[in-house]
Amino acid sequence: MNDVCNDEAEAGTPPRDGRDQYAVSAEFYDILQAERDRDRVHRLYSADVRTARAGVLDIGAGTGTVTAMSLVESGAAVHAVEPTRAMRTALMTRLADMPADLRMRVTVHARALHDSGLRAVADVAICHNVIGCLQPTRRRTLWPAVAKALLPGGVLVLQLPPASLPTTAVSTDLPIVRVGEHEYGGRMVTSADGERIRAHFDYWVRGRAGRLRERAETFWMWPLSRAELVEEMSEHGFAALPDRGDDVTLAARHPGLLDG
Ligand SMILES: C[S@@+](CC[C@H](N)C(=O)[O-])C[C@H]1O[C@@H](n2cnc3c(N)ncnc32)[C@H](O)[C@@H]1O
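Counting from 1, residues in each chain are numbered in the order their sequence is written. Residue-level local features of this predicted model are given only where pLDDT is at least 70; pairs of side-chain atoms are given and counted only at 80 or more, and the full residue set underlies all totals for whole chains, interfaces and linings.

This part takes up the overall build of the chain. Within the chain, the regular secondary structure consists of six helices and 12 strands. C-alpha atoms define the radius of gyration, and 2.2 Å times the number of residues to the power 0.38 defines the globule rule. Against the globule reference of 18 Å for 260 residues, the chain gives a C-alpha radius of gyration of 18 Å, in line with a compact fold. Viewed in the frame of its principal axes, the chain has a C-alpha envelope of about 65 × 45 × 40 Å. Here a residue counts as buried when 20 or more other C-beta atoms fall within 10 Å of its C-beta, as exposed when 12 or fewer do, and as partly exposed in between; the C-beta atoms come from the backbone. Counting the 260 residues in the chain, one finds 40% classified as buried. Contact between two residues is assigned when their C-beta atoms, built from the backbone, lie within 7 Å. Here the analysis covers contacts within the chain between residues at least 6 apart in sequence; of these, 68% occur between residues at least 24 apart. Only DSSP runs of H or I with at least four residues qualify as helices, and only runs of E with at least two residues qualify as strands; both kinds are numbered from the N terminus onward.

Structure representation (structure tokens):
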């Protein structure tokens, strides 16, 4: 479930079939991956958020892994932007478990970034596991919204989307996690579907007598090479910063908007 998302959530509007997006995956998201994600986002972004003086913006906060790390690692205000109810519910539960002095510094915005009205609130923005999930026209609406939300000279650090379509279907088992008498697990299958990547998740809960429940959800991703991404972002004023020594992230600075 990591590295994919459901683009219909992006608009922050009710999904076409009336079902809350991530309604299936939100139940399994943290139990199957929070531990690994916690280490990963710390490794990838903690040095960045420590440089923040005015604020950290977590774009597509999901269940709050980056938000929580930012609150701990930085003394700045944190803005967590999460339009989807199911993911935001888990985010609020995570925040409710945090000490009040940390919680005082975080504001949750229940909209897509371009609908949030956020302006000049952060000098560091993190966008983890989101860009690849945005349909291209929606992705292009994100850049001006990030530029507005950043202070002049602010830096956006993002997780790169997949660079290309998979050539064959790839099946990955999610970790099996024990909760009391039950085990939770699942499988992700990614495959090319036209210009998109289809990521299908099957989740299960197992008891002593066998499977108790099975749920499934499908997500979509749009591949984009690093060079194409840098080019697209430069059209919106972002200048890529030097390589960060990993294959996963890209950082870019925005000089600030002329209209302030
Ligand atoms: C795959 S989830 C990743 C969540 C979290 N960053 C993580 O890595 O666990 C992508 C999230 O981005 C959110 N999202 C999608 N489009 C967005 C937008 N335009 N502005 C803010 N959030 C958005 C979705 O609602 C979803 O929770």
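Attention now goes to the domain arrangement of the chain. Where each domain starts and ends follows an automatic or database-derived domain assignment. According to the domain assignment, the chain consists of domain 1 (7–162 + 225–253) and domain 2 (170–221). For domain 1 and domain 2, the distance between their C-alpha centres works out to 24 Å. Taken together, the contact between domain 1 and domain 2 spans 10 residues of the former and 15 residues of the latter. Gly counts as polar in this scheme, as do all residues outside two lists: the nonpolar Ala, Val, Leu, Ile, Met, Phe, Trp, Tyr, Cys and Pro, and the charged Asp, Glu, Lys and Arg. Partitioned by chemical class, the residues of the side of domain 1 that touches domain 2 number seven nonpolar, two polar and one charged.

Time to look at the packing of helix α1 (residues 25–50) against helix α3 (residues 85–96). Between N-to-C directions, angles span 0 to 180 degrees; the directions come from axes that are lines fitted to C-alpha atoms, helices contributing only their stretch in contact. Interaxial distance between α1 and α3 falls to 9 Å at its minimum, and their mutual angle equals 40 degrees. Relative to α3, the element α1 is oriented oblique. Like other packed secondary-structure pairs, α1 and α3 cross with a definite hand, here right-handed. Residues A26, Y29 and D30 of α1 form the contact with α3, whose own contacting residues are A86, M87, T89 and A90. If an angle is under 35 degrees, it is roughly parallel; if it is over 145, roughly antiparallel; if it lies from 65 to 115, roughly perpendicular; otherwise it is oblique. Handedness of a helix crossing follows the sense of rotation of the near helix relative to the far helix, less than a right angle counterclockwise being left-handed and clockwise being right-handed.

Bringing the nonpolar core into the picture now. In these notes, a nonpolar core means any group of buried Ala, Val, Leu, Ile, Met, Phe, Trp, Tyr and Cys residues linked to one another through C-beta atoms within 7 Å. With 64 residues, the main nonpolar core has A125, I126, V146, A149 and L156 as its most contacted residues. Element by element, the count of residues in this core is highest for α1, at seven residues. In contact with I126, other than residues within four places in its own chain, are Y45, D48, V49, V56, D58, I59, V66 and V157.

With that out of the way, let us pick up the environment of L134. Here L134 lies in the loop between β4 (122–127) and α5 (136–149). With 23 C-beta atoms packed within 10 Å, L134 lands in the buried category. Along the primary structure L134 and M221 are separated by 87 residues, whereas in three dimensions their C-alpha atoms are 6.8 Å apart.

As for its placement among the helices and strands, V124 is situated in strand β4. Residue class for V124 comes out buried when judged on the 27 C-beta atoms lying within 10 Å of it. Between the C-alpha atoms of V124 and A52, which are 72 residues apart in sequence, the distance is 5.8 Å. Beyond its immediate sequence surroundings of up to four residues, V124 is in contact with D48, V49, T51, A52, V56, G154 and V155.

So, on to the sheet that holds strand β3 (residues 106–109). Two strands form a pair only when DSSP identifies at least two bridges running between them. Strand order in the open sheet formed by seven strands is β3-β2-β1-β4-β5-β12-β11, with mixed pairing between adjacent strands. In this open sheet, the two strands that pair with only one neighbour each are β3 and β11 (239–240). When strand β1 (residues 55–59) meets β4, the two strands line up parallel, connected through three bridges. Within the sheet, the bridge partner assigned to L57 lies in β4 and is A125.

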